[in-house]
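Okay, here's what each chain looks like letter by letter:
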Amino acid sequence: MELLSANPGAAVFAGATDLIPQIQGGRPEPSLVVDLKRIPETSRIEAHNGVWRVGAAIPAAVLTAHAGLSTTFPGLVEAAGLIGSDQIQGRATLGGNLCNASPAADSVPPLVALGADAIIVGPGGERSAPVSEVVIGPGATSLDQAEFITGFRIPSPSQGSSDAYERFIPRTEMDIAVVGSAARIRVDGDGRCEEASVVLAAVAPTVVEVGAASGILAGRVIPTDSARDPFWDELGEAVVSCCNPIDDKRGTAEFRRRVAQVLARRTVVTAARRARETL
């Protein structure tokens with residue numbers, strides 16, 4: 001923290017899978033770079049009293065190989081496993097994926113859907129903030145200059161709850177999400193939805209939560225076929241109302257709206273199926 005406070009142009013990194021390409025692409029080089037991986041708190045995975053603590057600098061390859069995380073948060077682990085190639089997976093981290101502040105970051109929607117908090121340290125000590133409040137715009141976060149994230153607190157899901165993540169990309173790997181969707185669903189003993197969270201990526205300057213999703217899906221037995229029940233139209237309308245996408249060479253705004261509806265349905269179906277399997 002002293003290094004960061006004394007060097008306003010400094011940057012922290014865990015894997016540097018975004019930082020190095022950005023510098024090579026012509027962005028101003030930081031006055032100092034600080035590697036977080038040797039800080040013990042950034043590389044631990046712990047579960048205690050119903051809360052998981054996942055270090056911000058743990059490589060994605062370690063996360064995807066962790067049996068406990070894969071069972072407990074399958075959607076988050078799916079998202080972590082989509083960051084880059086096999087080589088990138090050995091370096092890329094949840095902390096870096098969040099703090100790079102891309103609207104298309106894969107791991108951010110499931111973290112938000114799961115109600116995760118970021119653990120932030122700085123000159124004033126340690127504080128926490130919902131992951132949804134860390135990114136405030138493309139490439140911009142709410143962290144102060146000398147603050148950085150050491151890890152995430154993620155509530156353990158209750159029985160009958162699970163998550164899922166999907167994205168659309170033009171290629172099979174090594175691409176950025178044109179649209180991403182995460183869902184967390186909790187069902188009762190009869191398999192009816194009690195609570196739902198749907199979070200979208202790459203359709204607005206930051207990830208966005210579909211606030212109406214829980215109300216639309218509550219009391220429903222979510223079917224395995226996502227194309228037949230009328231309430232999918234309601235969910236689709238709610239998804240579109242949350243989207244504020246751009247046109248670019250990778251997809252038009254209208255295309256993104258349509259894909260967001262499809263991915264939202266798919267992730268809800270998958271999360272609901274997984275939730276029922278935990279009963």
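Above this text you will find the structure in question.
Okay, so let's go over this structure. Values in this document were obtained by computation on a predicted structure and should not be read as measured data.

A look at the packing of aromatic side chains
Taken as a whole and assessed by the stated rule, the structure comprises three aromatic pairs. Taking the centre distance of 5.5 Å and the plane angle of 70° together, the rings of Phe168 and Phe255 count as edge-to-face. You can see Phe168 sitting in strand E10 (residues 161–168) and its partner Phe255 sitting in helix H11 (residues 253–277), a full 87 residues away along the chain. By relative accessible area, which is 32% here, Phe168 ends up partly exposed.

Observations concerning the environment of Thr270
Within the secondary structure, Thr270 is located in helix H11. Taking the C-alpha atoms as reference points, Thr270 and Glu166, 104 residues apart in sequence, are found 9.8 Å from one another. Apart from the residues lying within four places of it in its own chain, the contact partners of Thr270 are Ala164 and Glu166.

Some words on empty space enclosed by the protein
Under the criterion given, the structure shown has one cavity of 30 Å³ or more. In this structure, the largest cavity occupies an estimated 40 Å³ of space. Val54, Leu63, Leu69, Leu76, Val77, Ala80 and Leu94 are the residues that line the largest cavity. Top contributing element to the lining of the largest cavity by residue count: helix H5 (residues 74–80), with three residues. Within the lining of the largest cavity, the residues separate by chemical class into seven nonpolar, no polar and no charged.

Thoughts on the sheet that holds strand E4 (residues 51–55)
The strand order E3-E4-E9-E5-E6 describes an open sheet built from five strands, whose pairing is antiparallel. Each edge of the open sheet is held by one strand with a lone partner, namely strand E3 (45–48) and strand E6 (125–130). When the angles between neighbouring strand axes are averaged without regard to direction, this sheet yields 25°. As paired elements, strand E5 (residues 117–122) and E6 share six bridges and run antiparallel to each other.

Rules used throughout
All residue numbers refer to position in the chain's written sequence, counted from 1. Totals for whole chains, interfaces and linings use all residues, but because this is a predicted model, local features are given only for residues with pLDDT of at least 70 and pairs of side-chain atoms are given and counted only at 80 or more. As a convention, hydrogens and water are excluded, and side-chain values are obtained from all of the structure's heavy atoms. Working definition: rings of Phe, Tyr and Trp (its six-membered ring) pair if their centres are within 6.5 Å, and the pair is stacked with planes under 30 degrees apart, edge-to-face with planes over 60 apart, and tilted otherwise. Every helix listed is a DSSP run of H or I at least four residues long, and every strand listed is a run of E at least two residues long, numbered separately from the N terminus. Whether a residue is buried, partly exposed or exposed follows from its accessible area with a 1.4 Å probe, protein chains only, as a fraction of its type maximum: under 20%, in between, or over 50%, in that order. Two residues form a contact once any of their heavy atoms are found within 4.5 Å. With a 1 Å grid laid over protein atoms only, a set of points is called a cavity when a 1.4 Å probe fits there but cannot get out and a pocket when it is open yet has protein on both sides within 12 Å along at least five of seven lines; lining residues have an atom within 4 Å of a point. Grid points are joined across faces, edges and corners, and a volume is the space filled by probe spheres set on the points. As a working rule, the residues Ala, Val, Leu, Ile, Met, Phe, Trp, Tyr, Cys and Pro are called nonpolar, Asp, Glu, Lys and Arg charged, and the rest polar, with Gly in that last group. A strand pair is defined by DSSP finding two or more bridges across the two strands. Each axis is a line fitted through C-alpha atoms, taken for helices only over the stretch in contact, and angles between the N-to-C directions span 0 to 180 degrees.

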